[in-house]
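In case you want the letters, here they are:
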Amino acid sequence: MTLTKKTSLALEAPDTHHHRRILFLSLEFNFSPFSGNGVLCRSLVSGLFELYNEHNDDVEIRVICAKPHPSTPNLSSDIPVTQKNLIIWPVQLQKSSSSQWKRLDRHGPWKEFATALCCQKDGSNHNNDINFRDCIEQFEPTDVVAVDWHGMLAWQAFCTTATNLGKTTRLWRTDQVNVCYYNFRVYSSSSWGNNDQDTSSRSSSVVGDNTVDENQFYKEMEQLSCRLADGIICLSEHDKCALHRLMMLQDNNDKDETNPTCCLGKQKKMQDITILPPPLRGDVCKLARMLDSQELPEQQQQEGISSSLFIKYLPEKAKKALEYVHQKQCASTIPQKRLFLTCVSRLSPEKSPHVFVNLIQQLGGVEFLRNHCLVPILCGAKSVDSYADEVIQSFQSVCSDDDSNWPCIVIDHHLGPNELAAIFSHTVLNVHPCLYDAYGMTMVESAAFGVPSIVNFGGKVGAAALLGENEGCVALDLSGMEGEMTTETIEGKNDSNEGQDCSAKKLKEILVSRIQHSTSPQWSRSCSTLAQVAKEARHRALGWDELSCCRDLIEKLNNLNNENEV
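Because the structure is a prediction, the values reported are computed rather than measured. All residue numbers refer to positions counted from 1 along the written sequence of the respective chain. Per-residue local features of the predicted model are confined to residues with pLDDT of at least 70, and side-chain atom pairs are confined, for both listing and counting, to 80 or more; whole-chain, interface and lining totals are unaffected and use all residues. Each side-chain value is derived from all of the structure's non-hydrogen atoms; neither hydrogens nor water enter the calculation.

The salt bridge definition used is simple: a Lys or Arg side-chain nitrogen within 4 Å of an Asp or Glu carboxyl oxygen. Enumeration according to the criterion identifies 15 salt bridges in this entry. Residue Arg 185 pairs with Asp 437 through a salt bridge whose shortest N-O separation is 3.5 Å. With Arg 185 in the loop between β5 (178-182) and β6 (204-207) and Asp 437 in the loop between β13 (427-431) and α16 (441-448), the pair connects residues that are 252 residues apart, well separated along the chain. On the accessibility criterion, Asp 437 (3% relative accessible area) is buried. Notably, a salt bridge pairs Asp 292 with Arg 538, separated by 2.8 Å at the nearest N-O pair. Of this pair, Asp 292 sits in the loop between α9 (282-289) and α10 (298-303) while Arg 538 is found in helix α19 (residues 530-542), placing the two residues 246 residues apart along the sequence. On the basis of relative accessibility, which here comes to 17%, the residue Arg 538 falls in the buried class. For helices the rule is a DSSP run of H or I covering at least 4 residues; for strands it is a run of E covering at least 2, with both sets numbered from the N terminus onward. Each residue is placed in one exposure class: buried if its accessible area under a 1.4 Å probe, protein chains only, is under 20% of its type's maximum, exposed if it is over 50%, and partly exposed if it falls in between.

Here the protein chain averages 80 in pLDDT, while 74% of its residues score no lower than 70. Confidence scores here are pLDDT values: one per residue, from the predictor, ranging 0 to 100. Should any heavy atoms of two residues lie within 4.5 Å, those residues are counted as being in contact. Residue range residues 295-306 is modelled with pLDDT below 50. Its contacts to residues more than four positions away, or to other chains, number 16 contacts. The low-confidence segment residues 516-527, where pLDDT is below 50, has 23 contacts with residues more than four positions distant or belonging to other chains.

Two strands pair under a simple rule: DSSP has to find at least two bridges between them. The strand order across the open sheet built from six strands is β12-β11-β10-β13-β14-β15, with neighbouring strands paired in parallel fashion. Unpaired on one side and paired on the other, β12 (409-411) and β15 (474-476) mark the two borders of the sheet. Shown here is a sheet whose adjacent strand axes are inclined to one another by a mean of 20°, direction ignored. Bridge analysis of strand β14 (residues 453-456) against β15 gives three bridges, and the strand direction is parallel. Paired with Val 455 across the strands is Ala 475, a residue of β15. Contacting β10 (340-344), β11 (375-379) and β13, helix α12 (residues 354-363) runs over the sheet at an angle of about 155° to β10. A fitted line through C-alpha atoms represents every axis, and for helices the fit uses only the stretch in contact; the resulting angles, taken between N-to-C directions, go from 0 to 180 degrees.

In spatial order, the strands read β3-β2-β1-β4-β5-β8-β9; together these seven strands make up an open sheet with parallel pairing. Either end of the sheet is taken by a strand with one partner, and the two such strands are β3 (86-92) and β9 (274-275). One ladder, built from four bridges, connects strand β1 (residues 20-26) with strand β4 (residues 143-147); its direction is parallel. By the bridge assignment, Phe 24 is partnered in β4 with Val 145. In the packing of helix α4 (residues 132-139) onto the sheet, contacts are made with β1, β2 (59-67) and β3, and the angle to β3 comes to roughly 160°.

Right, here's the structure in full:
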């Protein structure tokens with residue numbers, strides 16, 4: 001799909017097929033969610049129910065997901081599920097897996113997740129009370145949607161075991177079950193590569209008895225996922241190209257010179273990789289649209305004075321920070337209530353929140369923040385504790401000092417929709433720190449509240465395609481900010497990285513311009529002010545909702561079904 005901001009308006013209702021039964025396999029869903037994976041899975045399920053209800057058709061959905069052990073530290077609240085035709089079959093993780101929760105890389109609980117679906121001869125499982133084999137066989141899914149390589153490996157483990165047990169029902173005849181590999185991130189092409197901050201095994205991974213390079217591990221897992229799937233969906237053009245390269249490499253390795261048609265199926269699959277951007281999730285979309293109901297003058301709406309609508313959901317430390325700023329009368333120089341410079345990012349190496357810290361340091365640290373009445377706020381659940389603690393320590397060192405007590409805010413848990421609404425409605429600019437991100441859902445969520453984002457340039461972050469680089473977001477070269485975190489101040493530092501200095505300078509001009517009420521320097525070709533970028537961002541974010549996304553998802557599944565029938 002080639003996405004434009006008018007795409008959702010042009011879509012016709014797809015053939016929803018009566019009595020569709022869809023099985024989702026995802027490590028994260030509604031139990032103690034910690035990342036965008038859980039958010040996106042819940043959005044897809046919600047959108048599918050809305051789509052089928054709109055056409056008075058029936059759909060049944062089952063979700064197999066992981067559930068952390070109760071002893072796991074710092075668990076967030078479970079998300080209640082209300083759809084009547086949705087049943088969740090949780091894989092209860094063991095206490096020994098507590099340290100793996102909140103991780104989606106090779107250090108997460110993917111092995112235990114896959115093992116749980118390996119049926120025993122009696123249909124039981126050694127760790128769970130659920131008889132997965134009987135549950136799935138009785139459900140008879142028409143479609144399987146496996147999220148990332150963890151989901152595909154779980155499905156492979158399940159089918160392989162069932163086949164070995166001599167099952168002959170239609171379920172194991174894979175030509176009659178649509179298996180969709182929904183890739184939320186191409187791990188083998190991630191910019192963080194081998195640097196996952198696990199010093200005990202930073203450059204290697206153990207698979208069976210073999211020690212392999214970290215990157216090679218992800219290549220093998222994702223190549224296997226592509227090979228097993230009937231169809232592939234990813235989130236961005238960058239990831240589509242990366243999956244193409246993986247499949248071409250696999251074709252070269254598997255090529256059979258005596259059979260010229262051996263790779264035709266793979267080539268067809270490569271051509272049909274679908275880009276399906278995640279939608280703005282329903283609960284956030286509903287809150288964002290509440291701003292439209294506020295009877296405020298247009299100028300006030302653009303400046304964000306509707307922030308009081310969500311003030312009651314603002315975390316206490318954020319409220320106190322705003323009170324402090326107003327007591328200092330600094331805010332009187334700013335004709336708006338948006339004072340936060342925000343980064344909402346899971347505190348994990350692949351999300352690169354340290355780029356946010358380094359960017360603030362290049363701006364001038366606490367002195368710049370204080371002089372321009374900006375309160376920095378870093379939000380996100382801890383994933384790798386040692387890395388997260390280092391980021392937080394550097395953030396606090398760069399953004400505050402003992403003399404002025406200028407506030408800087410850390411919220412180290414997964415934010416719910418109300419908290420997101422409260423924070424974004426007080427935010428002037430959101431920084432999305434990843435050099436590469438398959439999508440970046442918080443960019444779209446911030447845009448829904450009229451908050452543009454800083455994003456790494458060159459199509460390396462998927463959400464920039466929806467919002468438009470330098471149209472609905474501000475694209476800068478952030479690669480110079482990837483260096484090690486430091487608490488040095490900018491004064492007296494001889495920085496030879498011109499790209500780093502240029503990006504910090506452009507960002508400084510953008511932030512300063514919000515005070516001067518003048519046209520910003522020409523950092524954007526199509527939008528000359530931050531307010532214009534914010535307006536365009538909000539329009540595009542609200543235009544791609546759960547219903548629009550799931551229309552395209554069903555169309556893709558229908559195409560797979562038609563191909564299997566041929």
